[in-house]
Amino acid sequence: MESLEVPDADACERMYRSMATITVADARVRTEAKAGRLRAACYPVHGLEAVCGALGEVLRDGDQLVSTYRNLADAVAIGVPLRSVIAEMYGRVDGTSKGKGGPMHLHDEQAGLMGTTGIVGSGLPIAVGIALGAQLDGSDRVVVATFGDGATSIGAYHEAINLAALWKLPMLFLCQNNQWGEHTPLAEYAAETDLAKRAASYGVRASAVDGFDAVATWRELRAALEHARSGAGPAFVEAHTYRLAGHTSTADYSYVPAAELAAAMERDPSPTWRKRLVAEGWVDERTLARVDDEAQELVEDAFAFAAASPEPEPEQLYTDVFADASWRVGA
Amino acid sequence: MSTEAAGQTTGQPTGPGTAQASGPGTETSQMTAAMAMNSALACAMEADGRVIVLGEDVADPIGGVFKITKGLSTRFGTRRVRATPIAEQAIVGTSIGLAMAGYRPVAEIMFFDFVTIASDQLVNHAAKLRYMSGGISSVPITVRTTVGGARFGAQHAQSLEAWFMHTPGLKVVMPATPLDAKGLLASCIADDDPCLFIEHMNLNYKAKQDVPVGDFRIPLGRANVVETGDDVTLITYGPMLEPTLKAREELAGRGVGAEVIDLRTLMPLDLPTVLASVARTRRAAVIHEATQFCGPGAEISSQLHERLWHELRAPVLRLGAEYTPVPFAASLNGQPDTAKIVDAVAALVEGSPA
C-alpha cells in the first residue's frame, strides 16, 4: 500500500495549511451566521477539507474552476484571497464581486475562479464552454467543475458531461459527494447510487475515491487532471465525503442519523490528516502547531478586513447591469 | 440615448443604420432576411476569429433547420461552426463559458419556445454574471432564435420577448427587414452584453432588399421612424411592421396621418424617440404579435401615460395577441392584422378630440 506515491513534505504541509484554513474559516462563518452577525445564506463545507486541500495541491497555475454555492473550500483551494472571500460574504466593496454577489457568487477570474452558481448543476455547462475555450486556444489548462451528489439528478449535468465527452474537452468533473441532496439522502433520490459508474457510461474516465483520505484523493485527482490535460477527454471523480454540518449554516441538522454522523465525524478530514502527518513523520508537530496558529491569524485578519471594508455606495446599484455603465432603463 | 433616428423619413424602412455602411460605393445585393443574417454571420466570422457558431444542426449539409448558418461550416470549418446535441442548456451554458474564455459565441436555439429550456442559463447566468461578479465578467453572447411557427402549434410559436425584457442584463432585438436583420445581428455579435436576437419565420424568406455585402451595423437601442404622420404614432417591431405600414396606407385614405416607429431593439428600449413622436402626435398605439396582457406594449403604454399624461388626447391603445395559447387552426387567429389595426386606430383617432 505504502509503495503508492505520497506527496512530499512541503506538499503535505501546504495541504494541511489549506485544510486548516478551511476548517477555521468555515467554523467562524457558521458562528457568525448563527449569531446573526453575518446575514447571508452560507453553506458549510465541513467534510470537504481533504478534497479541496488535495485539489489545491494538484491544480496548476492557469487552471480554472467553476464552483457552487458550497464554495468556501473551493475558493481557498484555487487561491482566492481569504480577505476578499469574507468581505464578499458581508457584502462589502472589497469582496470578490464588490459586494454585489454575496457568498453564493464568489468570483475571481484572476485566481481562476470563473464563477460560483446558486443553481444546482448550472455551472457545469458553463465550465464546458470555458474548457472549449481552452481547447480552441490550444492551451493545456484544465477546467474543474465542482458539484455535489445532488447535481447528478439535474438535466444540466447530463447535457454537460455528454458534450464534454463528445468534444474531448480538458475538464474534470469533481463530484463532492456529501451523501445529501439538501435534506434527502442519496439512496432516497437515486436508484443507482454509484455515481462514478453512472458517469462512466458517458464515455469519460470515471473513478471514485475516499474523499476523507487526503493522500488517496491527491493521487486520484492528480491522475484525473493528467488525463484531462493530455487531450484524452474529460475525467470524472466521485469523492466520497460526508456533510458534517447542516445544509446551511443555520439549518436544522437533527434528521441526520446520529450513528452515521458520529462515524463520519470520527474521520473529520483536517484532524485526521494532521494525526497522520505526525504518525507517518511527514510533518512534525511543531510545524503543524505553527500552521494552526497561522490559519487562525489568517481567518481573524480576513474577518477584521471585511468588517473594516465599506459597504457599496448606493449608486453601485445601477452599475454592471450592462457594459455601458451610464445606461438607465427609461432614461 | 440619441433621438436622431426621429429625423429619418424614408419610404423604405432603412433608418439611421444606413449611415453605418462602410463608405460610398458600398456593394449591396438583394437579400432575404435569411440571406442577410447568413451574411452578417459570415462577415463577423471573417473579421473575428473569436466568433464561434453553435447549435443544433447548424453545420452543413443542413446548415440549420432554417438555413441561416448554411455554408458557414464549409467555409469556416466545424471547429468554429459546431453542431451540438439537442441540449439547449448546454448550448447556452457552453456559449456563456466560451464568452468568459474570450470568445464571441453565437448560439442558435431553434424555436423561441425552446429558449425556455435554456432560460436558466440565459436568465440566471448570462444576464447576471456581470453584476454578480462586480463587473469582472463579461458575457458577450448572441442567442439567435426563431418565432412565428403557427403551423407547428402552440409550442413552436410563442412570442416571449416580454419575459426577457423583464430580465435586467439582457438585450432583446427583433428585426423587421432584411437590412435590419443584417445590421442588428452584426451589432449583437459585436456587443459586450448578452443579446437575444429574435428572427421571425414569416420575414426570413419573403421580401428581398438591397443589403450591404460587407460589414454593416445598425446600432442597438435606436428605433427607426419608418414613416411620419401627425395624428397618431404606431409603435411596433418585427413581424407587425408590415401590417402596420399597410394599415397606415388605409388610414391615410380615411384622413388619418399615422407615424410608424419600428423599435428594432426592445431592450435597450428607445423611449426618447417614442416620446418625441407621441409628444407631437398626442395619440399612440403599440402593436405586437406577443400576448397583449403583460406584453411589451404594457410597459410602453405605461411609460407614455406616466410621461405624457397631459399631452395625450386619448389613452394609449394596445394591440397584441389574445390571451390564449397560439392556436393551430387558421380560423382561430388571435393576433392583430391590418384590418384590426385600421379599425382600432381609426376609432382611437376619430373618438378623441382633434
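The rules we used
- Starting from 1, residues in each chain are numbered consecutively following that chain's sequence as written.
- To label them, take the chains in the order written and letter them from A, then take the ligands in the order written and number them from 1.
- In view of the model being predicted, local features appear only for residues whose pLDDT reaches at least 70, and side-chain atom pairs are presented and counted only at 80 or more, with totals across whole chains, interfaces and linings using the full set of residues.
- Put simply, DSSP H or I for four residues or longer makes a helix, DSSP E for two residues or longer makes a strand, and each gets a number counted from the N terminus.
- We compute the radius of gyration over the C-alpha atoms and compare it with the globule rule, which gives 2.2 Å times the number of residues raised to the power 0.38.
- Here, residue contact means that the backbone-derived C-beta atoms of the two residues sit within 7 Å.
- Axes here refer to lines fitted to C-alpha atoms; in helices the fit is confined to the stretch in contact. Angles between the N-to-C directions go from 0 to 180 degrees.
- Should an angle lie under 35 degrees it is considered roughly parallel, over 145 roughly antiparallel, and from 65 to 115 roughly perpendicular; all remaining angles are considered oblique.
- Should the near helix be turned counterclockwise from the far one by less than a right angle, the crossing is left-handed, whereas a clockwise turn marks it as right-handed.
- Asp, Glu, Lys and Arg are counted as charged, while Ala, Val, Leu, Ile, Met, Phe, Trp, Tyr, Cys and Pro are counted as nonpolar; the rest, among them Gly, fall into the polar class.
- Strand pairing requires that DSSP identify at least two bridges connecting the strands.
- An automatic or database domain assignment is the source of the domain bounds shown.

The number of helices and strands found in chain A is 12 helices and eight strands. Relative to a compact globule of 331 residues, whose C-alpha radius of gyration would be 20 Å, chain A shows 20 Å and is just as compact. Projected onto its principal axes, the C-alpha coordinates of chain A cover approximately 70 × 50 × 40 Å. A fraction of 75% describes how many contacts in chain A between residues 6 or more apart in sequence connect residues 24 or more apart.

Let us now look at the interface of chain A and chain B. Taken together, the contact pairs 35 residues of chain A with 37 residues of chain B. Top contributing element to the side of chain A that touches chain B by residue count: helix α5 (residues 123-137) of chain A, with nine residues.

What follows concerns the packing of helix α1 (residues 33-47) of chain B against helix α7 (residues 178-190) of chain B. Residue and element names in this part refer to chain B. Between α1 and α7, the least distance of the axes is 8 Å, while the angle of their chain directions is 30°. The orientation of α1 with respect to α7, classified from their angle, is roughly parallel. Regarding α1 and α7, the two cross each other, and that crossing is right-handed. In contact with Ala 33, Ala 36, Met 37, Ser 39, Ala 40, Cys 43 and Ala 44 of α1, α7 contributes Pro 178, Leu 179, Ala 181, Lys 182, Leu 185, Ala 186 and Ile 189. For the contact of α1 with α7, the class distribution of residues is 12 nonpolar, one polar and one charged.

With that settled, the discussion passes to the sheet that holds strand β11 (residues 258-262) of chain B. Residue and element names in this part refer to chain B. The mixed open sheet is built from five strands, whose spatial order is β9-β11-β10-β13-β14. Looking at strand neighbours, the two that pair on one side only are β9 (224-227) and β14 (317-321), the edges of this open sheet. Pairwise comparison of adjacent strand axes, ignoring direction, gives a mean angle of 25° for this sheet. Alignment of strand β10 (residues 232-236) against β11, held across five bridges, turns out to be parallel.

Interfaces are often described in size by the accessible area the parts lose on coming together. All names here are of chain B. The assigned domain composition of chain B is domain 1 (27-212) and domain 2 (224-350). Counting only elements with at least two residues in the side of domain 1 that touches domain 2, the list comes to α6 (161-165), β6 (171-173), α7, β7 (195-200) and α8 (201-204). For the side of domain 1 that touches domain 2, a count of residues per class yields 14 nonpolar, six polar and three charged.

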